[in-house]
Amino acid sequence: MSDHHENFSSPRPATITLPSSFMTSPFCLRTTPYGGRGLFSIEPIPKDTLLVTCNSPYATVIFRKFRKEVCGHCFAYAFDAHRNAWNVKYDGQAGNGVWFCGVDCRDVWAAEQNVEGLQGLMNAAVDKLAKSMKEPKVILPYFLETMRPEDITLEVHDLAWKRIEDMYSRPGCLAPYLDELEVDNVRFIVSAIVRRYFEDTVPVKKGSSSWSALLQLQNNEIQHIRSRPYMLDSHTRIYGFLRKVMLPILQPYVKTSEMVRAILARDQGNVFGLWDMSTTGDSEMLGWSMYVSGSYFNHDCAPNVRKERDKQALCFYTTRDVEAGEELCINYVDVKDEVAQRRAELSANWYFDCACKRCHEELARAGKAVACG
Ligand SMILES: C[S@@+](CC[C@H](N)C(=O)[O-])C[C@H]1O[C@@H](n2cnc3c(N)ncnc32)[C@H](O)[C@@H]1O
């Protein structure tokens, strides 16, 4: 339970333990001149090479409204199979709230993700507490009323969290109100805590990512709260809810806010949306997942890597021949969009000004056009 504070609060840790999936790869992790670390080829890599497979997410959530339509193990979407919903469930309370596309997925989920029935019991507890929530209420009004983004330093932020920890340590403090997305966020965090519990108590499957690898991911906490100060109130209510809902065996993980903060700080900017595989072009987001090794790919508006979901796994392939020394990048936004829209989206949701060559060239052309016009 003792997270190293440097790892927790600094945007990118000084020392990195590489995810095990990178050890035998044709690429390495290096510092970029523009945006932290990135993955670079160490030898020529042909088109369509599988670079890395992230076998299963460290944390994941299917939006509550899609729970009957998305398989809890392989994420298959019922509509893609021309069905309205899946009907395989786990017997008894310990499988609560999870539907499967077949008994095979149900049984693997039970063996890998629902050891001791913990995931299912937590789902049931979250649903029960969510039903009893009262009126919406802000719990950090002073923060929202007085803070300007530039005032939100790590110290100010730490103080707000300390206040919340104290508040929820008092007996009789009620569970705060959460909206639907916040309850989904609770379930995302619960999945990470249950996984961490297994990591601490039962042997983890080979090739799985670890909590210490998750902590190495870029921490976007301060940028996130500066750009949306109301999110601190949301995050602290989520923490309050978690304090109330955790089964006794998992309570040690939320006794302080450290683990919840560490997950929330990496959720923004590092997770992958779970989309249906629709070929109609109207793809819908069904939830989101954190794949630790996949989060080291930087963005480029002319990417040389594509990602493909294969059931629970996320696979990364080269889209063209890559030379030794080239950076390997995916795209975070739709590269068919205009430069201004791509940049606005990256800035709003990932907090960076894209430094890629394509943006540079398109901005230079636009600048010349304005100068000539
Ligand atoms: C998912 S992380 C990628 C790994 C990250 N560079 C690291 O060191 O952990 C996304 C972050 O990488 C940086 N980044 C990714 N693509 C970028 C780009 N095209 N231009 C500038 N920064 C970028 C930004 O800081 C962004 O928030």
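Residues numbered from 1 in each chain as written. Predicted model: local features only at pLDDT ≥ 70, side-chain atom pairs only at ≥ 80, totals over all residues.

The chain has the name SET domain-containing protein in an unreviewed UniProt entry, where Hypsizygus marmoreus is given as its organism.

Asker: Help me get a handle on helix α10 (residues 258–270), residues and values and all.
Answerer: Helix length check: α10 (13 residues) gives 18 Å between terminal C-alpha atoms against 18 Å at 1.5 Å per residue, within 8%. Taken together, the buried positions of α10 are Met259, Val260, Arg261, Ala262, Ile263, Leu264, Ala265, Arg266, Asp267 and Gln268. (Helix = DSSP H or I, 4+ residues; strand = E, 2+ residues; numbered from the N terminus. Expected span 1.5 Å × (residues − 1). Buried ≥ 20, exposed ≤ 12 C-beta atoms within 10 Å, placed from the backbone.)

Asker: How would you summarise the sheet that holds strand β4 (residues 59–62) if you had to cite specific residues and measurements?
Answerer: Strand pairing in a sheet is mediated by backbone hydrogen bonds. Such pairs are either parallel or antiparallel. Sheet architecture is open: three strands sit in the order β4-β8-β7, paired in antiparallel fashion. The sheet is open, and its two edges are formed by β4 and β7 (272–275), each paired on a single side. Adjacent strand axes in the sheet meet at a mean angle of 25 degrees when their direction is disregarded. (Pairing = 2+ DSSP bridges. Axes fitted to C-alpha atoms, helices over the stretch in contact; angles between N-to-C directions.)

Asker: Account for the nonpolar core, with residues named and values stated.
Answerer: Core analysis: the biggest nonpolar cluster contains 75 residues, and Cys71, Phe100, Val186, Ile189, Leu242, Val260 and Ile263 have the highest contact counts within it. With eight residues, helix α6 (residues 180–201) is the largest single contributor of residues to this core. Contacts of Val186, omitting those with residues within four sequence positions, involve Val126, Leu178, Ile238, Phe241 and Leu242. The next biggest cluster of nonpolar side chains, apart from the first, holds five residues, and it includes Cys301, Tyr332, Leu346 and Cys354. (Core = buried A, V, L, I, M, F, W, Y, C linked by C-beta atoms within 7 Å. Contact = placed C-beta atoms within 7 Å.)

Asker: Would you mind going over the environment of Ile189 in detail, with residue names and values included?
Answerer: When you line up the elements, Ile189 lands in helix α6. For Ile189, a count of 22 C-beta atoms within 10 Å translates into the label buried. Spatially, the C-alpha atoms of Ile189 and Val260 are 7.0 Å apart, while their sequence positions differ by 71 residues. In this view, Ile189 contacts Leu242, Val260 and Ile263; residues no more than four positions away in its chain are not counted.

Asker: Quick one: what's the story with the site of the ligand, residue by residue and with numbers?
Answerer: Taken together, 21 residues lie around the ligand, and Gly35, Gly36, Arg37, Gln218 and Asn298 are the ones closest in. Residues of the shell around the ligand, tallied by class, amount to nine nonpolar, nine polar and three charged. Both domains that meet at the shell around the ligand, namely domain 1 (70–272) and domain 2 (339–373), each give it at least three residues. (Near = placed C-beta within 6 Å. Nonpolar A, V, L, I, M, F, W, Y, C, P; charged D, E, K, R; others polar. Domains from an automatic or database assignment.)

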